[in-house]
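# Structure at a glance
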Amino acid sequence: MSTSFDSYQPIGLQRHRPRARAQYRIRRETLVRIVLSAIFYISLWRATGMWYGLPADFQEGVGKDPMPMRLLLISLVPLIGLYCLLEPRRVVELLRSASPLLGIVCLCVFLSIAFSVSVTASIRALVAVALLTAGPLLYRARYGAVDTFESLAKFAIATAFINILYTAAFPRFAVMRGSYAGMVKGAFYHKNMLGQFSAINFILLLPALPMWRLRYYDLLRWAAMLLYLVLIVLAKSSTAIILLSIGIAVYYGMSWIQRFPGRIFRSFVVLLAFALLGFVVSVALMGVAQAIAESFGKDLTLSGRTNVWEQLLPLIYERPLTGWGFALFRQPDIMEQYVRLTWDAQSTHNTYIELALNIGIPATIIWTSFVVVRLVAKMTSSPLNRALAITKRKEVVIILLILIGAFTEAGMMLAPFILWPHTVIALSSLGPEFLSRFRKPTQAGAQHASG
């Protein structure tokens with residue numbers, strides 16, 4: 001009786017091969033989740049710049065990153081490289097799905113660096129922006145909008161408690177001195193950063209689903225929202241209060257717009273809403289804004305920003321096409337060269353002016369157009385999934401508040417600033433069609449991906 005070689009192969013090995021492959025997939029998925037989560041939360045923390053012992057007088061520490069912040073930024077390089085090795089196809093597809101407008105903006109940025117007054121400073125800033133863009137975008141592309149916003153909410157809850165506890169434990173660092181004496185900045189560089197961050201995160205923490213049963217996590221969520229209101233008041237940020245009021249109105253107004261059938265009709269409603277909002281802001285809310293500003297000892301020019309703008313605007317027309325160099329007017333020494341006031345102006349206090357100075361007028365117009373187009377597209381969409389629809393509202397609020405806040409604050413866009421990761425996530429339009437290109441999308445990504 002003859003036997004073949006195959007008859008001596010243990011049957012058990014053949015049975016266990018699929019199980020071994022399944023175990024490998026589980027381990028690989030776990031590794032991907034760990035790597036992406038590390039990239040995501042490191043990017044968020046680095047963007048805020050929060051750290052222990054930052055000086056209470058803003059002038060003492062402006063433009064100086066603590067060494068731990070630099071190390072956090074550097075740590076993103078090997079982590080992002082590791083993820084690219086784990087899922088190269090997804091990364092390639094993500095790059096291929098980028099908007100052509102973004103490609104034009106990138107080309108303008110490289111052109112501005114080529115003609116930059118300080119090429120080294122511009123390159124450093126570009127690397128920082130690129131790293132803080134990659135982390136949130138990769139996470140959003142892998143797990144979808146709803147899951148990503150829940151992760152953002154967890155970070156927001158943690159930072160609310162961190163800033164309150166830090167202020168109570170280290171008031172000599174957390175409460176500002178000098179011209180901002182008595183205003184709370186928490187673990188941030190400046191009280192304006194804390195105010196903007198608190199306003200955005202309050203909207204972010206609004207419950208995504210109706211709460212039929214109150215859980216411990218929901219209690220933490222509501223407690224964090226209350227703490228953010230306290231931090232806004234302690235920071236004495238009139239800008240944050242105005243942004244918060246607009247954000248709440250837009251968030252609940254979006255729920256009304258999403259009920260209308262048909263995208264064309266919703267587009268008409270959105271345009272009408274923009275017209276009404278512009279009228280209300282220009283007529284009725286100006287008095288409210290003036291009252292809020294005066295309650296904090298300021299005027300409607302928001303601490304003399306118009307004096308800065310008058311000196312910066314002529315510089316735009318000296319280099320209208322390429323600008324002075326990417327992120328150059330985020331450097332305090334550059335501001336000191338061109339702005340002469342009775343007080344030291346360390347910022348342009350206007351993102352649009354800053355962008356025009358840095359990368360030129362054409363690139364600023366293209367970038368702003370891209371953001372506005374994404375905003376209108378998200379406002380006129382109406383997802384059937386309730387959780388996704390509510391997440392879409394939060395995306396709209398974040399983009400709109402960034403666009404509005406950019407009129408009075410610098411670095412709100414294309415800068416390694418506190419809200420840049422939030423902006424990247426909100427602007428993303430990756431949806432089910434992106435995840436469907438992969439054979440085995442994750443359960444969270446397949447369930448919660450948004451357009």
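Residues numbered from 1 in each chain as written. Predicted model: local features only at pLDDT ≥ 70, side-chain atom pairs only at ≥ 80, totals over all residues. Heavy atoms only, no water.

### A short note on the packing of helix α8 (residues 191-204) against helix α9 (residues 216-235)
Helix-helix packing is characterised by the crossing angle of the two axes and by the distance between the axes. Their axes nearest at 9 Å, the elements α8 and α9 cross at an angle of 150°. By the angle between their axes, α8 is roughly antiparallel relative to α9. For the element pair α8 and α9, the recorded crossing hand is left-handed. Between α8, through K191, L194, G195, F197, S198, A199, N201, F202 and L204, and α9, the contact on the second element is made entirely by R221, M225, Y228, L229, L231, I232 and A235. Class assignment of the residues belonging to the contact of α8 with α9 gives a composition of eleven nonpolar, three polar and two charged. (Axes fitted to C-alpha atoms, helices over the stretch in contact; angles between N-to-C directions. Helix = DSSP H or I, 4+ residues; strand = E, 2+ residues; numbered from the N terminus. Parallel < 35°, antiparallel > 145°, perpendicular 65-115°, else oblique. Left-handed = near helix turned anticlockwise from the far one by under 90°. Contact = heavy atoms within 4.5 Å. Nonpolar A, V, L, I, M, F, W, Y, C, P; charged D, E, K, R; others polar.)

### Considering the packing of aromatic side chains
Summed over all chains, the structure comprises 15 aromatic pairs. Ring centres of Y166 and F170 lie 5.4 Å apart, and the angle between their planes is 50°; this geometry places the pair in the tilted category. Y166 gets classed as buried once you look at its relative accessible area, which sits at 9%. On the basis of relative accessibility, which here comes to 28%, the residue F170 falls in the partly exposed class. Their ring planes at 90° and their centres at 5.0 Å tell us that Y251 and Y252 sit as a pair that is edge-to-face. Here the basic side chain of R33 rests over the ring of Y143, its NZ or CZ set 4.1 Å away from the ring centre. (Phe/Tyr/Trp six-rings, centres within 6.5 Å; stacked < 30°, edge-to-face > 60°. Buried < 20%, exposed > 50% of the residue type's maximum accessible area, 1.4 Å probe, protein only. Lys NZ or Arg CZ within 6 Å of the ring centre and 35° of its normal.)

### Brief notes about the nonpolar core
Of all hydrophobic cores here, the largest spans 103 residues; its most connected members are W367 and M413. Sorting elements by how many residues they give to this core places helix α6 (residues 119-169) first, with 17 residues. Contact partners of M413, with chain neighbours within four places excluded, come to T351, Y352, L355, W367, V371, I402, L403, A406 and W420. With 15 residues, the next largest nonpolar core counts V308, L328, M335 and L357 among its residues. (Core = buried A, V, L, I, M, F, W, Y, C linked by side-chain atoms within 4.5 Å.)

### Regarding empty space enclosed by the protein
For the structure on display, the rule yields two cavities of 30 Å³ or more. Considered class by class, the residues forming the lining of the largest cavity number seven nonpolar, one polar and two charged. (1 Å grid on protein atoms, 1.4 Å probe; cavity = no way out; pocket = protein on both sides within 12 Å on 5 of 7 lines; lining within 4 Å. Points joined across faces, edges and corners; volume = space filled by probe spheres on them.)

### Some thoughts on the side chain of S237
Mapped onto the elements of the fold, S237 is located in the loop between α9 and α10 (238-257). Here A240 takes part through its backbone nitrogen, which lies 3.1 Å from a polar atom of the side chain of S237. (Polar contact = N/O pair within 3.5 Å; in protein donor to acceptor, adjacent residues only side chain to side chain.)

### Looking at the packing of α6 against α9
For the pair α6 and α9, interaxial distance at closest approach is 9 Å and the crossing angle is 55°. One element, α6, and the other, α9, form an angle in the oblique class. For the pair α6 and α9, the sense of crossing is left-handed. Contacts from E150, A153, K154, A156, I157, T159, A160, F161, N163 and I164 of α6 reach α9 at Y217, L220, R221, A223, A224, L227, Y228, V230 and L231. Tallied by class, the residues present in the contact of α6 with α9 amount to 14 nonpolar, two polar and three charged.

### Structural notes on the pattern of salt bridges
Counted by the stated rule, this structure contains nine salt bridges. Here R142 makes a salt bridge to E29, at a shortest N to O gap of 2.8 Å. One end of the pair, R142, is in helix α6; the other, E29, is in helix α1 (residues 11-48), with 113 residues separating them in the sequence. We note a salt bridge from R90 to E87, for which the minimum N-O separation is 3.4 Å. In this structure, R90 and E87 share a single accessibility class: buried. (Salt bridge = Lys/Arg side-chain N within 4 Å of Asp/Glu carboxyl O.)

### Let's talk about the environment of A153
By the secondary structure assignment, A153 is in helix α6. For the pair formed by A153 and I203, sequence separation is 50 residues and the distance between their alpha carbons is 9.9 Å.

### Structural notes on unusual backbone geometry
Despite not being glycine, H349 has its phi angle at roughly 55°, a positive value. Tracing the sequence through the fold places H349 in the loop between α13 (332-338) and α14 (351-359). Here the phi dihedral of L414 falls at roughly 55°; this positive angle occurs in a residue that is not glycine. Residue position: L414 is located in the loop between α16 (386-405) and α17 (420-427).

### Notes on a nonpolar patch on the surface
Nonpolar side chains collect at one region of the surface, where L214, Y216, L219 and W222 lie side by side and expose about 500 Å² of accessible area between them. Relative to the helices and strands, W222 is located in helix α9. (Patch = residues over 30% accessible without salt bridge, like charges linked within 9 Å, V, L, I, M, F, W, Y side chains within 5 Å. Areas by Shrake-Rupley, 256 points an atom, 1.4 Å probe, with all protein chains shown as cover.)

### Considerations on helix α12 (residues 305-318)
Maximum bend of α12: about 25°, positioned at Q311, with proline P314 one to four residues after it. Those residues of α12 that fall on the buried side of the exposure criterion are R305, V308, W309, L312, L315 and I316. In this structure, the buried side of α12 is in contact with α8, α13, α14 and α15 (361-380). (Bend = angle between axes of the 7 residues up to and from the residue.)

### A look at helix α4 (residues 88-96)
Owing to its 3.6 residues per turn, the α-helix aligns residues three or four sequence positions apart on the same side. For α4, every residue scored as buried is listed here: R90, V91, E93 and L94. For α4, the angular spread of buried residues about the axis comes to 165°, placing them on one side. Opposite the buried face of α4, at more than 90 degrees from it, the exposed residues are L95 and R96. (Arc of directions from axis to C-beta.)

Treat this as a map of the structure, not an account of what it does.
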